[in-house]
Amino acid sequence: MHKTEDLKKQKILYISYDGILEPLGYSQVLKYLENLSKDFEITLISFEKAGAEKLLQMQQYCSKRNINWKPRRYHQGLSSISHLFNIFNVLFAPFMEMFKGRHQIIHIRSYMPGLGMPLLKIFFNFKLIFDIRGFWADEKVDRLGWSKTSFKYKFFKTLEIKLFNQANTIVTLTESSKRVIQDNFYKSSDQVKVIRTCVDFSEFNTDGYIKKPYNFNRNLIIGYLGSIDTAYDFDAFLRLIKNLDARDLKIELKILSKTTPEIINDYLNKNNLSHLEYKVLFLERNKLSATINQFDLLGFSLKPSYSLIASMPTKIGESLACGTPIICNNFNSDIEQIIKLNKIGALHDFSQDLNEETYQKIISIITDDQTSSRCHAFSLEQFSLDLGVRQYFQIYKNVL
């Protein structure tokens, strides 16, 4: 990456509805920007739930990295007033920053920060980068039960069309969704870029890629990372565990999630797995890699839906970075290519019982002493923070 005075003068306004004090915002927003701020003048607007002490600490962190952070409070609760406050901030904050700074690029992460963009375009001249992070309105239908005939769904689908048409560059997580965007909005390949979720290898610096393969003399440690509801079908995941347990494997579950042991225990009882050894942990981010490194396999089942065509969960890159193979359902063509071509896991239809072919595939993967090194190498090649930073740098440079 080459720094130039011309680029140094360019101002980027980045707007994220996710707070950077949350794990997702920290890993998928801040980590990029603290690298890009070496070459561009970055102003970041994010919506935060944390208290004053954490905000002050993060303000100092950002200041040292030349990020002009303008946190906005995320008003929580189900009341209409909370939603109105958040929407007002999403609309008002970019106007204030553009009046003060006249940024050359506005980079919006997901759909909510796009609410004010069509109006902002009337008053200001700027380049727009629309970082979709998934088909947001369709995710609300698939995961939260929005009706496709509802006003809010139709509104955000109309906004989506407007943003796709106005954006100078669209960033998406998958090649599958890139093809959909290109076909429906007549965008060239140069206008739609695929950037995966990133892994910071200074945090995931485990030696997991050289860990010993599984052998049948010990427990088979299967890991689960993240939410057990909404987009995920935890009962389906446990169906796989039950099938493996029936084959006399000594299974130990390690679940890294904000859920409680009581909830997990209810799931296990319901699925006749109360005898299973398990732990439920909620870990600070700096402790994740050491624990994922202990897994022989990380599994999850996404509920089948249209919006999955644009999905690439962060846990995939993080698990592979630790040398841990994955087993999941075939939710889009990207994940099918990733797993089949690179021998870093197995695909499984969680609505069905485990067949002999898939079982042998799992055993082959977890007992192969080359699997961990393949997983780590693939994550480094496809999911690394350095790669993402280089890709965003090129986008900014090309747009400018």
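Everything below is about the structure shown above.
Our subject in this report is the structure included herewith. (Residues numbered from 1 in each chain as written. Predicted model: local features only at pLDDT ≥ 70, side-chain atom pairs only at ≥ 80, totals over all residues. Heavy atoms only, no water.)

**What about the packing of helix α6 (residues 136-144) against helix α7 (residues 151-166)?**
Put simply, α6 and α7 touch, their axes get as near as 8 Å, and they point 155 degrees apart. Considering their axes alone, α6 and α7 lie roughly antiparallel with respect to each other. Side by side, α6 and α7 meet where W136, A137, D138 and V141 of the first sit next to Y153, F156 and K157 of the second. Classifying every residue of the contact of α6 with α7 by side-chain character gives 5 nonpolar, no polar and 2 charged. (Axes fitted to C-alpha atoms, helices over the stretch in contact; angles between N-to-C directions. Helix = DSSP H or I, 4+ residues; strand = E, 2+ residues; numbered from the N terminus. Parallel < 35°, antiparallel > 145°, perpendicular 65-115°, else oblique. Contact = heavy atoms within 4.5 Å. Nonpolar A, V, L, I, M, F, W, Y, C, P; charged D, E, K, R; others polar.)

**Concerning the sheet that holds strand β2 (residues 41-48)**
Taken in spatial order, the 7 strands of this open sheet run β3-β2-β1-β4-β5-β6-β7, and their pairing is parallel. A strand with exactly one partner marks an edge of an open sheet, and here the two such strands are β3 (67-73) and β7 (192-194). Neighbour-to-neighbour, the strand axes of the sheet open up by a mean angle of 20 degrees, direction not taken into account. As judged from the 3 bridges shared by strand β6 (residues 169-172) and β7, these two strands associate in the parallel manner. Looking across to β7, one finds that T172 is bridged to V194. α7 contacts β4 (105-109), β5 (127-131) and β6 of the sheet and is inclined by roughly 130 degrees relative to β5. (Pairing = 2+ DSSP bridges.)

**Looking at the packing of aromatic side chains**
Applying the stated rule across the entire model yields 27 aromatic pairs. Where Y111 meets W136, the ring centres are 6.1 Å apart and the plane angle is 25 degrees; that geometry is what we call stacked. You can see Y111 sitting in the loop between β4 and α5 (117-123) and its partner W136 sitting in helix α6, a full 25 residues away along the chain. Centroid distance F135 to Y306: 6.0 Å. Interplanar angle 10 degrees. Geometry classified as stacked. In this pair, F135 is assigned in the loop between β5 and α6 and Y306 in the loop between β11 (297-300) and α12 (314-321), connecting sequence segments 171 residues apart. Aromatic ring contacts, followed pair by pair, group Y111, F130, W136, W146, F151, F155, F156, F164 and F185 into a single cluster. (Phe/Tyr/Trp six-rings, centres within 6.5 Å; stacked < 30°, edge-to-face > 60°.)

**Describing the side chain of S176**
Position of S176 relative to the elements: it lies in helix α8 (residues 175-185). Looking at S176, the relative accessible area reads 5%, which means it is buried. Not counting residues up to four positions away in its chain, the partners in contact with S176 are I309, N332, S333 and D334. (Buried < 20%, exposed > 50% of the residue type's maximum accessible area, 1.4 Å probe, protein only.)

**Focus on the pairing of strand β8 (residues 220-225)**
Across the 6 residues of β8, 6 count as buried, placing the element largely inside the fold. Every second residue of β8 is oriented toward a common face, with L220, I222 and Y224 on one face and I221, G223 and L225 on the other, all of them buried. On the question of chirality, the crossover connecting β8 to the parallel strand β9 (residues 251-256) by way of helix α9 (residues 234-245) is right-handed. Taken together, the 2 bridges between β8 and β11 define a ladder with parallel strand orientation. (Right-handed = clockwise from strand over helix to strand, strands pointing away.)

**Digging into the pattern of salt bridges**
Inspection of every chain in the model, using the stated rule, returns 20 salt bridges. The shortest N-O distance in the salt bridge between D131 and R133 comes to 2.8 Å. Here R133 falls in the buried class, since its relative accessible area comes to 13%. For the salt bridge of K270 with D235, the shortest nitrogen-to-oxygen distance reads 3.0 Å. (Salt bridge = Lys/Arg side-chain N within 4 Å of Asp/Glu carboxyl O.)

Everything listed here is a matter of coordinates, which is why it stays silent on function.
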